[in-house]
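# Remarks on the overall topology
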Amino acid sequence: MIQRIQSIYLFLAALVAAGLHFAIPVYSTAEGAPVYAVDHLELVALFFGSALLSLIALFLFKNRKLQFVLGRLNIILNFILLGVLVYQSQILSGGAAALEKGIGMLIPIISIVFIALANKAIKRDEDLVKSVDRLR
């Protein structure tokens, strides 16, 4: 059901997680060479896991409770991804010596925002259905 706003938010979260890490460098090395997420298999797996969870939640529009739970799991996965990105940028690039961390570090944060907005809309739909059931 694409007319629901949470479907659009989940699609945007999947698009951000699956597509942006190919084009935007995650961080730069101490020498200034950009490092992309494609260079690290664990980052690609986490990004595609996040995109896959968003797409699965998108197609579970009839089961709002499971959709909400998958959204929360996806937020946790994105926080793990953010932690891995920060860890790798600090350890591999020389820590504080590297001045440019890269805008790619914001990809999980953007995805978290879209998923949180989707969860808010899912919760609002669930509350609406519960209120209508009380009237019967």
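Use the structure listed above.
Here we summarise the structure given alongside this text. This structure is a prediction, so every number in the text was calculated from the model and none was measured.

## Some points on the overall build of the chain
- Of regular secondary structure, the chain possesses 4 helices and 2 strands.
- Starting at the N terminus and walking to the C terminus, you meet the elements of the chain as α-β-β-α-α-α.
- The 136 residues of the chain split such that 39% are buried.
- Long-range contacts, defined as pairs at least 24 residues apart, comprise 70% of the intrachain contacts of the chain with a sequence gap of at least 6.
- Accessible surface, the chain: about 7700 Å² in total, of which carbon and sulfur atoms supply 72%.

## What to know about the packing of aromatic side chains
- Here the structure, examined in full by the defined rule, presents 2 aromatic pairs.
- Measuring from ring centre to ring centre gives 6.1 Å for Phe-22 and Phe-48, while their planes differ by 55°; the resulting arrangement is tilted. Of this pair, Phe-22 sits in helix H1 (residues 5-23) while Phe-48 sits in helix H2 (residues 41-59), and the two are 26 residues apart along the sequence.
- Phe-48 sits in the partly exposed class, given a relative accessible area of 37%.

## A few points about the packing of H1 against H2
- With their axes 8 Å apart at the nearest point, H1 and H2 run at an angle of 160° to one another. Judged by the angle between their axes, H1 and H2 are roughly antiparallel. Here H1 runs over H2; the crossing is left-handed. Between H1, through Ser-7, Leu-10, Phe-11, Ala-13, Ala-14, Ala-17, Ala-18, His-21 and Phe-22, and H2, the contact on the second element is made entirely by Phe-47, Phe-48, Ser-50, Ala-51, Ser-54, Leu-55, Ala-57 and Leu-58.

## Details of the environment of Arg-4
- Following the sequence through the fold, Arg-4 ends up in the segment before H1.
- In the structure, Arg-4 is positioned 114 residues away from Ala-118 in sequence and 9.6 Å away in space, judged by C-alpha atoms.
- In this view, Arg-4 contacts Phe-61, Arg-64, Gln-67 and Asp-125; residues no more than four positions away in its chain are not counted.
- Within polar-contact distance, the side chain of Arg-4 engages the backbone oxygen of Phe-61 at 3.2 Å.

## Examining the nonpolar core
- Of all hydrophobic cores here, the largest spans 18 residues; its most connected members are Val-26, Ala-37, Leu-43, Phe-47, Leu-81 and Leu-85.
- Elements supplying a minimum of two residues to this core: H1, H2, helix H3 (64-92) and helix H4 (107-135).
- Residues in contact with Leu-81, not counting those within four places in the same chain, are Leu-43, Leu-46, Phe-47 and Pro-108.

## Comments concerning the pattern of salt bridges
- Here the structure, examined in full by the defined rule, presents 3 salt bridges.
- Ionic pairing is found between Arg-4 and Asp-125, a salt bridge with its closest N-O pair at 3.6 Å. Of this pair, Arg-4 sits in the segment before H1 while Asp-125 sits in helix H4, and the two are 121 residues apart along the sequence.
- Judged by relative accessible area, Asp-125 falls into the partly exposed class, the value being 22%.
- Residue Glu-126 pairs with Arg-64 through a salt bridge whose shortest N-O separation is 2.8 Å. You can see Glu-126 sitting in helix H4 and its partner Arg-64 sitting in helix H3, a full 62 residues away along the chain.

The rules behind the values
Residues numbered from 1 in each chain as written. Predicted model: local features only at pLDDT ≥ 70, side-chain atom pairs only at ≥ 80, totals over all residues. Heavy atoms only, no water. Helix = DSSP H or I, 4+ residues; strand = E, 2+ residues; numbered from the N terminus. Buried < 20%, exposed > 50% of the residue type's maximum accessible area, 1.4 Å probe, protein only. Contact = heavy atoms within 4.5 Å. Areas by Shrake-Rupley, 256 points an atom, 1.4 Å probe, with all protein chains shown as cover. Phe/Tyr/Trp six-rings, centres within 6.5 Å; stacked < 30°, edge-to-face > 60°. Axes fitted to C-alpha atoms, helices over the stretch in contact; angles between N-to-C directions. Parallel < 35°, antiparallel > 145°, perpendicular 65-115°, else oblique. Left-handed = near helix turned anticlockwise from the far one by under 90°. Polar contact = N/O pair within 3.5 Å; in protein donor to acceptor, adjacent residues only side chain to side chain. Core = buried A, V, L, I, M, F, W, Y, C linked by side-chain atoms within 4.5 Å. Salt bridge = Lys/Arg side-chain N within 4 Å of Asp/Glu carboxyl O.

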